[in-house]
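Geometric and topological summary
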Amino acid sequence: YDDRSWRFWFQNLSWLPDYLNSLDKKDAKLAFSVVFRKWMQFVYSKDIDNEFLYHDHSLAYRPIFLIECSRHIPSDIEPIVNEHLVHIAKLLCSPLEDNALSNHSFDQAIALFSLSDYFRDLKISREWRNLAIRRLRRELEYAFTSDGVHVENSPSYHHGMISNLQKSLTSVFNKTQDEFIQKKL
């Protein structure tokens, strides 16, 4: 458990949707409850390894994966899950958490947009959405050179960002019809 990569993937919860989707509905709800309760115990533990708890990328991925699992959230812990997600949204809005001009910031903006959509009945969600779109635009302006290559000039980053763009921007565009985002697709 001392491996940084293991801690990053554990704390961003990217493994959770596949795990829950492998179970039947009743077992998935029970598993979500156990995992999330243990997760919250971990978060509030005095002995926590918090390197990746609020790491910019883990913080961006975690709400995306929790939202993806939302159909498995038992009603008795839904308020706790929602409180955690709202807390993450507030953190993502902070200029201190904005990792501008990086692939991390792109993922943070996608997460904030996803949270605004998930909590669309909250008044503040409109502000979250607007901020997310502004940041997405900023990142899209910066992320690729005029010939379409990712600015970090790494084939791995380029492939990752192209895959990320295809998946996430299509979802954002379908919900906003933003012309700038459409052009980037």
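Below is a summary of the structure that appears in this document.

Rules of the game
Residues numbered from 1 in each chain as written. Predicted model: local features only at pLDDT ≥ 70, side-chain atom pairs only at ≥ 80, totals over all residues. Heavy atoms only, no water. Phe/Tyr/Trp six-rings, centres within 6.5 Å; stacked < 30°, edge-to-face > 60°. Buried < 20%, exposed > 50% of the residue type's maximum accessible area, 1.4 Å probe, protein only. Helix = DSSP H or I, 4+ residues; strand = E, 2+ residues; numbered from the N terminus. Contact = heavy atoms within 4.5 Å. Axes fitted to C-alpha atoms, helices over the stretch in contact; angles between N-to-C directions. Parallel < 35°, antiparallel > 145°, perpendicular 65-115°, else oblique. Left-handed = near helix turned anticlockwise from the far one by under 90°. Nonpolar A, V, L, I, M, F, W, Y, C, P; charged D, E, K, R; others polar. Salt bridge = Lys/Arg side-chain N within 4 Å of Asp/Glu carboxyl O.

**Overview of the packing of aromatic side chains**
- Summed over all chains, the structure comprises four aromatic pairs.
- Note on Tyr118 and Phe119: the rings are 5.0 Å apart at their centroids and 85° apart in plane angle, and the pair reads as edge-to-face.
- Its relative accessible area of 25% is what places Tyr118 among the partly exposed residues.
- Residue classification places Phe119 among the buried positions, given a relative accessible area of 9%.
- Taken together, a centroid distance of 6.3 Å and an interplanar angle of 80° make the contact between Phe119 and Trp128 edge-to-face.

**Section: the side chain of Ser125**
- Looking at where Ser125 falls in the secondary structure, it is placed in helix H7 (residues 125–143).
- Ignoring any residue separated from it by four or fewer positions in sequence, one finds Ser125 in contact with Ser116, Phe119 and Arg120.

**Let's talk about the packing of helix H3 (residues 25–43) against helix H5 (residues 78–93)**
- Direction vectors running N to C along H3 and H5 enclose 50°, while the axes themselves pass 11 Å from each other. The orientation of H3 relative to H5 falls into the category oblique. Both H3 and H5 take part in a crossing whose hand is left-handed. The residues of H5 that touch H3, namely those facing Phe32, Phe36, Trp39 and Met40, are Ile80, Val81 and His84.
- When grouped by side-chain class, the residues that make up the contact of H3 with H5 number six nonpolar, one polar and no charged.

**Quick word on the pattern of salt bridges**
- Across all of its chains, the model carries four salt bridges by this definition.
- The salt bridge partner of Asp76 is Arg37, with a shortest N-O separation of 2.8 Å. On the criterion of sequence distance, the pair formed by Asp76 in the loop between helix H4 (56–68) and H5 and Arg37 in helix H3 is long-range, its members being 39 residues apart.
- Residue Arg129 is joined to Asp117 by a salt bridge in which the shortest nitrogen-to-oxygen separation is 3.4 Å. Residue Arg129 is found in helix H7, and its partner Asp117 is found in helix H6 (residues 103–118); the two are separated by 12 residues along the sequence. Of the two residues examined, Arg129 and Asp117, each falls in the buried class.
- Salt bridges linked by common partners bring Asp117, Arg120 and Arg129 together as one network.

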